[in-house]
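Below, each chain spelled out in residue letters.
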Amino acid sequence: MSVSVDLESISEATSGAIGAVVSTTILYPLDTCKAKYQAENEIKRKYRNLSDVLWEAISTRQVLSLYQGLGTKNLQSFIAQFVYFYGYSYFKRLYLERTGSKSIGTKANLILAAAAGACTAIVTQPLDTASSRMQTSAFGKSKGLWSTLAQGSWGEAFDGLGISLLLTSNPAVQYTVFDQLKARLLKRNQKIEKGSSPEVLSAFSAFVLGALSKSIATVLTYPAIRCKVMIQAADNDDNVDKKAKKKSGKTLSGVLHAIWKREGVPGFFKGLQAQILKTVLSSALLLMVKEKISATTWIFVLALSKYLLLKPGRLTSK
């Protein structure tokens, strides 16, 4: 396997991770409102719509609390997207090398994306759980990363891992749709421009394709997304027996039963509009930033690799 393959994968991963941090930071207040709204059950209904969460933060002078857990979320987003894009890029190149194919079909693309997503979920699950707990904590009462993780056992740090593995189908669908649409668009542009070979999409095209692909993936996987948020949500009721609540409500079967009993079928789609708004904007921004900085990132990674190879004391020959 050539060095250039690894460098291309690292370049893809780095640009994707930077794009994730940028989009996460910009949209984090919306993400916090969405998470708190999704985590709420119908017994103690506090928010009738997403704007109620924002109004609570404003009325209680806790606007900055909309950013609680941002550091953890950015760390999780950076690592998750780096691992995902590196794995996705690496698996695609390995597949092409092993099969001798010039392109990847939709079925193979889905499998490779799901494999990359599974690796990502396992590596970043504790950070994902911690960020969810921090976001759904009462305004002004969120703890730091280590304090949040120390509240429970290591097993609890992996709450929702099963659903996270199931949700690997979300980015698998998203990036497969994006890659297929991107390939068609670039092929069409190449014909229009008579032989030129555009390597990246325009910012607008990347934004539109990112929004479309994420919308499709979100609608298909939303019930699992809500269940995951409820499992990972912080327990803000000190009067409830936490052990009993964990046993009955913090398992997948418990959450499914609770939603079905209290909210019915519509409950599985509570907050769908907010989820689509947030994830579509986030993914579109991520892919837009990734597309725009991919060339620069590649040049940087290539220059860094040459510096390390030519640095005195390091092996320079192949």
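Fair warning: this is a prediction, and the values are worked out from it, not measured in the lab.

On to the overall build of the protein, then. Counting its secondary structure elements, the protein contains 12 helices and 0 strands. The order of helices and strands in the protein, counted from the N terminus, is α-α-α-α-α-α-α-α-α-α-α-α. Considering the protein as a whole, with its 318 residues, one finds that 46% of them fall into the buried category. For the protein, the share of sequence-separated contacts (at least 6 apart) that also reach a separation of at least 24 residues comes to 81%. Of the roughly 16,800 Å² of accessible surface on the protein, a fraction of 63% belongs to carbon and sulfur atoms.

Take Tyr-84: it is sitting in helix α3 (residues 70-99). Taking the C-alpha atoms as reference points, Tyr-84 and Pro-171, 87 residues apart in sequence, are found 9.3 Å from one another. Setting aside its immediate chain neighbours within four residues, Tyr-84 contacts Ala-113, Ala-116, Gly-117, Thr-120, Pro-171, Ala-172 and Tyr-175.

Further remarks concern the pattern of salt bridges. Two side chains carrying opposite charge are able to pair once their charged atoms lie near each other. Overall, the coordinates contain 7 salt bridges when judged by the stated rule. Two residues, Lys-278 and Asp-31, come together in a salt bridge whose shortest N-O distance is 3.9 Å. Of this pair, Lys-278 sits in helix α12 (residues 272-310) while Asp-31 sits in helix α1 (residues 3-39), and the two are 247 residues apart along the sequence. As far as burial versus exposure is concerned, Lys-278 and Asp-31 are alike and both buried. With its nearest N and O atoms 3.8 Å apart, the salt bridge here joins Lys-270 to Glu-40. Residue Lys-270 is found in the loop between α11 (252-263) and α12, and its partner Glu-40 is found in the loop between α1 and α2 (50-59); the two are separated by 230 residues along the sequence. The class of Lys-270 is buried, set by a relative accessible area of 9%. Judged by relative accessible area, Glu-40 falls into the buried class, the value being 7%.

With that settled, consider the packing of aromatic side chains. On inspection of all chains with the given rule, the structure shows 7 aromatic pairs. An aromatic cluster of three or more residues is present, and its members are Phe-78, Phe-82, Tyr-86, Tyr-90 and Phe-91. The ring of Tyr-88 carries the charged tip of Lys-92 above its face, separated from the ring centre by 4.5 Å.

A few words on the packing of α3 against helix α4 (residues 106-136). The angle between the axes and the distance between the axes are what describe a pair of packed helices. Viewed as axis vectors pointing N to C, α3 and α4 meet at an angle of 170°, and their least axial separation amounts to 8 Å. The orientation of α3 with respect to α4, classified from their angle, is roughly antiparallel. Its residues placed into classes, the contact of α3 with α4 shows 18 nonpolar, 9 polar and 3 charged.

What counts and how
- Residues numbered from 1 in each chain as written.
- Predicted model: local features only at pLDDT ≥ 70, side-chain atom pairs only at ≥ 80, totals over all residues.
- Heavy atoms only, no water.
- Helix = DSSP H or I, 4+ residues; strand = E, 2+ residues; numbered from the N terminus.
- Buried < 20%, exposed > 50% of the residue type's maximum accessible area, 1.4 Å probe, protein only.
- Contact = heavy atoms within 4.5 Å.
- Areas by Shrake-Rupley, 256 points an atom, 1.4 Å probe, with all protein chains shown as cover.
- Salt bridge = Lys/Arg side-chain N within 4 Å of Asp/Glu carboxyl O.
- Phe/Tyr/Trp six-rings, centres within 6.5 Å; stacked < 30°, edge-to-face > 60°.
- Lys NZ or Arg CZ within 6 Å of the ring centre and 35° of its normal.
- Axes fitted to C-alpha atoms, helices over the stretch in contact; angles between N-to-C directions.
- Parallel < 35°, antiparallel > 145°, perpendicular 65-115°, else oblique.
- Nonpolar A, V, L, I, M, F, W, Y, C, P; charged D, E, K, R; others polar.

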